[in-house]
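Summary of the model geometry
If you want the building blocks of each chain, they are given just below.
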Amino acid sequence: MTRDNKEVMMTHTRLGAGLNEPLDALRAMQVDEHEAADGQVVPGLFIHRDPASEVNLRWSSPRGRILDVQTRIDLPGAWLGLHLSLPMTDISGAGFIGFAARTASAQPVTIRACLRSGVEGGSFHDCFFDRYILAQPEESDYMAMIAPDRRPLLPVQAVWREFILFLPPSHGVHLALIDLRLFVV
């Protein structure tokens, strides 16, 4: 391996370090059903909803799955998201930032994935992955990537970053997030 290849590998290892820690924590535990409209699932993994909405949300982490989420929407809102805090504020040197997911859902449901970057002044920039995830009754796998150098509006330096899965804010779902892994190459 050449010196340049080693430097690239070290950069990717540094960028990807800790990306999946909250998910690994859920993989390692079994959590019975909890009711929560908004809040922390485990450190670094949060559920956030539009405060103008009325959402009955239950989640669990059964053996063999990261997260089961059931929602009942009494008053639709503009958004409902599963937010994963990311430890990477500097993505210079990242060729691709991506994720792989395995999902299932009682009814077909579309989910939008996003890389959110906090910017100076308290605002943020959302960079959406190009394709939606289609969760359906049978388990299905999905993978998507963003090439930061092809997204000129994506800040290379950010105050903070999150990976977000936007769930439908207007109708209830029963979604199984069987597996989710983020990566940087």
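One can find the structure itself at the top, above this paragraph.
Summary of the structure given here.

Things to note about the nonpolar core
- Core analysis: the biggest nonpolar cluster contains 46 residues, and Trp-59, Leu-67, Phe-99, Phe-163, Leu-165, Leu-180 and Leu-182 have the highest contact counts within it.
- Top contributing element to this core by residue count: strand 13 (residues 174-184), with 5 residues.

Here we look at the pattern of salt bridges
- Counting across every chain of the model gives 8 salt bridges.
- Residue Asp-74 is joined to Arg-72 by a salt bridge in which the shortest nitrogen-to-oxygen separation is 3.0 Å.
- Residue class for Arg-72 comes out partly exposed when judged on its relative accessible area of 45%.
- Note that Arg-181 and Asp-179 form a salt bridge whose closest N and O atoms lie 3.0 Å from each other.
- Residue classification places Arg-181 among the partly exposed residues on the basis of a relative accessible area of 43%.
- Here the salt bridges share partners, and the residues they tie into one network are Asp-24, Arg-27, Asp-179 and Arg-181.

Rules behind the numbers
Residues numbered from 1 in each chain as written. Predicted model: local features only at pLDDT ≥ 70, side-chain atom pairs only at ≥ 80, totals over all residues. Heavy atoms only, no water. Core = buried A, V, L, I, M, F, W, Y, C linked by side-chain atoms within 4.5 Å. Buried < 20%, exposed > 50% of the residue type's maximum accessible area, 1.4 Å probe, protein only. Helix = DSSP H or I, 4+ residues; strand = E, 2+ residues; numbered from the N terminus. Salt bridge = Lys/Arg side-chain N within 4 Å of Asp/Glu carboxyl O.

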